[in-house]
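Fold and geometry: a report
If you want the building blocks of each chain, they are given just below.
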Amino acid sequence: SESNGPVIDFQPYIGNALHNIGIINFLVGDFMEAHSFFLRAAENRRTSLGELHPDYLASIVKAALCQFALENYSSAHQELEKALEVGKANVKSVTDFVQIGEILNNLGCLLFMCGEPGSA
């Protein structure tokens, strides 16, 4: 039997590419398109890396920021709450705490913008 070398799993790279295309769309102001790419990246990362992986959370948070930019505050809030729940379930390092801090900051800004500074 002839070996063709190691098998490479490209799935995580596809998630990275989708996330990066989302960032490009976000930077040029196409928030709907960016949101679509971040959701696709999140789904890819969830299936290839697992729901507790920080890259999965990063894509969820970026999707929420798109919803915020589109003034879909309820959807942004739901996505950030989901990210916070997943993030809290997997705190292992200082980097994880920083990521949770960023999610909490985004939630606080969202609540402030929605006229609920006491909840922020």
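Shown above is the structure to which this text applies.
Now for a description of the structure that goes with this document. Because the structure is predicted, anything quoted here is derived from the model rather than measured. (Residues numbered from 1 in each chain as written. Predicted model: local features only at pLDDT ≥ 70, side-chain atom pairs only at ≥ 80, totals over all residues. Heavy atoms only, no water.)

Focus on the overall build of the chain
The helix and strand tally for the chain stands at five helices and zero strands. Along its sequence from the N terminus, the chain presents helices and strands in the succession α-α-α-α-α. Burial statistics for the chain: of 120 residues in total, 33% are counted as buried. Taking contacts inside the chain between residues at least 6 apart in sequence as the whole, the part at least 24 apart equals 51%. For the chain, the accessible area works out to roughly 7,300 Å², and carbon and sulfur atoms hold 57% of it. Side-chain charges of the chain comprise 7 positive and 14 negative groups, with the mean position of each set lying 3 Å from the other. (Helix = DSSP H or I, 4+ residues; strand = E, 2+ residues; numbered from the N terminus. Buried < 20%, exposed > 50% of the residue type's maximum accessible area, 1.4 Å probe, protein only. Contact = heavy atoms within 4.5 Å. Areas by Shrake-Rupley, 256 points an atom, 1.4 Å probe, with all protein chains shown as cover. Lys, Arg positive; Asp, Glu negative; His and termini not counted. Charge placed at Lys NZ, Arg CZ, Asp CG, Glu CD.)

What to know about the side chain of His19
For His19, the location among the structural elements is in helix H1 (residues 11–27). On the accessibility criterion, His19 (7% relative accessible area) is buried. Aside from chain neighbours lying at most four places away, what touches His19 is Phe38, Ala41, Arg45, Ala58, Ser59 and Lys62.

A few points about helix H3 (residues 54–69)
With 16 residues, H3 extends 23 Å from end C-alpha to end C-alpha; this agrees with the ideal 22 Å at 1.5 Å per step. Among the residues of H3, those classed as buried are Tyr56, Leu57, Ser59, Ile60, Val61, Ala63, Ala64, Cys66 and Gln67. Looking at the packing, one finds that the buried side of H3 touches H1, helix H2 (31–49), helix H4 (73–88) and helix H5 (94–113). (Expected span 1.5 Å × (residues − 1).)

Focus on the packing of aromatic side chains
Counted by the stated rule, this structure contains three aromatic pairs. Ring centres of Phe10 and Tyr13 lie 6.3 Å apart, and the angle between their planes is 55°; on these two criteria the pair is classed as tilted. Assigned by exposure class, Phe10 and Tyr13 land together as exposed. (Phe/Tyr/Trp six-rings, centres within 6.5 Å; stacked < 30°, edge-to-face > 60°.)

A look at H5
A rise of 1.5 Å per residue sets the reference length of H5, with its 20 residues, at 28 Å; its end C-alpha atoms lie 29 Å apart and thus fit the reference within 8%. Looking at H5, one finds that the buried residues are Asp96, Gln99, Ile100, Ile103, Asn106, Leu107, Gly108, Leu110 and Leu111. Buried residues along H5 sit in contact with H3 and H4. One or two residues past the end of H5 sits Gly115, with phi positive at roughly 80°.

Notes on the side chain of Asn106
Residue position: Asn106 is located in helix H5. Not counting residues within four places of it along the chain, the set of residues in contact with Asn106 comprises Val61, Leu65 and Leu80.

Quick look at the nonpolar core
Leu80, Ala83 and Ile103 are the most contacted members of the largest nonpolar core, which totals 15 residues. Listed by contribution, the elements that provide at least two residues to this core are H3, H4 and H5. Other than its neighbours up to four places away in sequence, Leu80 contacts Val61, Ala64, Ile103, Asn106, Leu107 and Leu110. (Core = buried A, V, L, I, M, F, W, Y, C linked by side-chain atoms within 4.5 Å.)

Focus: a nonpolar patch on the surface
On the surface, a nonpolar cluster with roughly 440 Å² of combined accessible area is contributed by Ile8, Phe10, Tyr13 and Ile14. Locating Ile14 in the fold gives a position in helix H1. (Patch = residues over 30% accessible without salt bridge, like charges linked within 9 Å, V, L, I, M, F, W, Y side chains within 5 Å. Salt bridge = Lys/Arg side-chain N within 4 Å of Asp/Glu carboxyl O.)

Regarding the pattern of salt bridges
All told, the structure shown has one salt bridge when counted by the stated rule. Ionic pairing is found between Glu43 and Arg46, a salt bridge with its closest N-O pair at 2.6 Å. Within this pair, Glu43 and its partner Arg46 are both found in helix H2, separated by three residues, close to a single helical turn. A relative accessible area of 33% means that Arg46 is categorised as partly exposed.

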